[in-house]
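# Coordinate analysis (summary)
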Amino acid sequence: MAAASYLPSEDQFFCTICLDLFTDPVTIPCGHNFCKDCIEEHWDTSYWCQCPMCNIQFYTRPELHVNTFISEMVAQFRQSAQQKDSSSSSSRRSEQQVFKPAEVPCDVCTETKLKALKSCLVCLTSYCETHLEPHLTKPVLKRHQLIDPVEKLEDRMCPKHDKPLELFCKTDQTCVCMLCHVSDHKMHDVVPLKEGYERKKAELGKTEAETQQMIWKRQLKIQEIKHSVDLSEEEADREMAEGVQVFIALKKSVERGQANLINTIKAKKKTTEKKAEALIKELEQEISELNKRSSKVEQVTHSEDHLHFLQSVKSLNIQHRQPSKDLRKFRLTPAVYEGTVVKAVAKVGEKFSKEMKKLLEAKVKRIQKYAVEVTLDPDTAYPRLILSGDGKQVRDGDVEKNLPDNPERFSDCNCVLGKQSFSSGRSYFEVQVKRKTDWDVGVARESINRKGALSLSPQGGFWTICLSHVNEYKAQGAPSVRLSLNSQPQKVGVFVDYEEGLVSFYDVDAAALIYSFTRCSFTEKLYPYFHPGHKYGRKNAPPLIISPVRVT
């Protein structure tokens, strides 16, 4: 009875080397049991033959024989365990999920493959819920490392030593086993797989955060571009509406001018026709009277009776008849239409000029909303220039000051740059040039040569207009363009559209466009550029003044 009730412990049937049920169990002299292949492989790779459990050394390699008693006990245990597993699994199999193509199957299931719940890195096997139970209940198997189910577990074994890849070589950035560490990677920086995982995960987390930041910035840029598109559409709609309105007004003006022209010509034509009709009617009446008289004279002249003839002539009163009208008075001068068309077109031109002025005024008002703060940069000023304390005025001085010749400073040209730069979008500022006879205003790129003579042209990095000492306005370039202005500007507005490649100059008070540099290619920062010119006595002494922008 006592023997029948004896139930051996599960741990007695597991090899402490492979941590699995014995296969061909053998007993070594110290009394411990192992799988025959496990202990032989252990001794093959060790210098001493010793027990892995108690570390007793054997001077000669023991002869190994299979322990039939333990082998039979293991067979009975395996059979009972399988019967137990089959009976318990049959009741729970219906509750578990059947393996699907996108999932990892259980490697133990023989009939219907169930979905694997975990994979064991020691056994290199994936288990469903039923077949995983021994790893959750048996103390020896509990020491195995379980992970979420993965395919190709053999990839987690070292192909050279057939050992689990438990370490991470930071030097070679690869996963290695324990034997790799003591052989090929002995002098490398090797850490446990978990530590390598945590470090790499932290690095990837940082990289992911940086990536998300990049994505966020690009999303903001997309929103910015979309907003620019919306603004462009609004501006296009407004421009089209204004343009249509102007052309409708011009069309009406042309139609009115055409109608007035036709009516004027028709009126002149009608007046001439009426005058001609009156003259013709009067002449026809006189012709009728003359025909009557001629008829009477003809009748008298055919008479051969002397008495009757003379008496008839007397009754005609030919001697005392009234003289006919002077034909020189019957003159009709053709209507003169010369200049009628010119006058009509001139009126349309006046209307066109008015509409153009309205458009320019609206344009100036719109670009004034892009006004930016501009102050002068003393580090760039030519030593002879005098700058105001607020950085808003610059004029030519009489004495060249002793200033540091820093790389930003102009060495040979009487000019200065603004502190602020333009590298995107639209910018606008205004400069008062009142009572000056010599000046340059515009923008310059950052990389211009500031030492020696300057090449004031777009090719040299300058987009400027000027008034020369000979009272000549020019857009400076290669070659320069002479400007014909209706009035002398007192205040010049400078407008820059960086993306459009546009630099425009306006007469602020007259709301008139002075000149535009178009199709420019900007690739670097642009700075406001000021040249107050040289003064001669009191001539050209007033400063250039950066004025606050007020909507005109």
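Residues numbered from 1 in each chain as written. Predicted model: local features only at pLDDT ≥ 70, side-chain atom pairs only at ≥ 80, totals over all residues. Heavy atoms only, no water.

We now examine the overall build of the protein. A count of helices and strands for the protein gives eight helices and 23 strands. Radius of gyration (C-alpha) of the protein: 56 Å, far over the 24 Å computed for a compact globule of 552 residues. Counting only C-alpha atoms, the protein reaches 200 × 85 × 35 Å along its principal axes. Looking at the protein as a whole, 32% of its 552 residues are labelled buried. Within the protein, residue pairs in contact and separated by at least 24 positions form 55% of the contacts whose partners lie at least 6 positions apart. Split by element, the accessible area of the protein, about 35900 Å² in all, is 53% carbon and sulfur. Where the 80 positive side-chain charges of the protein centre and where its 75 negative ones centre are 14 Å apart. (Helix = DSSP H or I, 4+ residues; strand = E, 2+ residues; numbered from the N terminus. Rg over C-alpha atoms; globule rule 2.2 N^0.38 Å. Buried < 20%, exposed > 50% of the residue type's maximum accessible area, 1.4 Å probe, protein only. Contact = heavy atoms within 4.5 Å. Areas by Shrake-Rupley, 256 points an atom, 1.4 Å probe, with all protein chains shown as cover. Lys, Arg positive; Asp, Glu negative; His and termini not counted. Charge placed at Lys NZ, Arg CZ, Asp CG, Glu CD.)

Right, let's talk about the confidence of the model for the protein for a bit. When pLDDT is averaged across the protein, the result is 85; 93% of the residues are at 70 or more. Averaged pLDDT values for the elements of the protein fall to 73 in helix α2 (residues 68–92) and rise to 97 in strand β22 (residues 526–531). A low-confidence stretch, residues 1–7 stays under pLDDT 50, and its non-local contacts, those more than four residues away or across chains, total one contact. (pLDDT = per-residue confidence, 0-100.)

We now examine the packing of aromatic side chains. Two aromatic rings, taken as a pair, are described by how far apart their centres are and by the angle between their planes. Going through the model one piece at a time under the given rule, you end up with 10 aromatic pairs. Seen in terms of ring centroids, Trp463 and Phe522 are 5.1 Å apart; in terms of plane orientation they differ by 85°. Their pairing is edge-to-face. Taken together, the residues Trp463 in strand β16 (residues 462–467) and Phe522 in the loop between β21 (512–517) and β22 connect sequence positions 59 residues apart. Classification of Trp463 by relative accessible area gives buried; the value is 5%. Take Phe522: its relative accessible area is 11%, and that puts it in the buried class. In this structure an aromatic cluster arises from ring pairing among Phe422, Phe429 and Phe530. (Phe/Tyr/Trp six-rings, centres within 6.5 Å; stacked < 30°, edge-to-face > 60°.)

Strand pairing within a sheet occurs via backbone hydrogen bonds; the two strands may be parallel or antiparallel. Strands sit in the order β9-β8-β10 across an open sheet of three strands; the sheet is antiparallel. Each end of this open sheet is capped by a strand with a single partner; those strands are β9 (174–176) and β10 (190–192). The average undirected angle you get between the axes of adjacent strands in this sheet is 35°. Sheet topology places strand β8 (residues 167–169) next to β9; three bridges connect them, and they run antiparallel. Across the sheet, the residue bridging to Leu167 is Val176, located in β9. Its contacts with the sheet put helix α6 (residues 193–301) on β8, β9 and β10, and the angle it makes with β10 is roughly 95°. (Pairing = 2+ DSSP bridges. Axes fitted to C-alpha atoms, helices over the stretch in contact; angles between N-to-C directions.)

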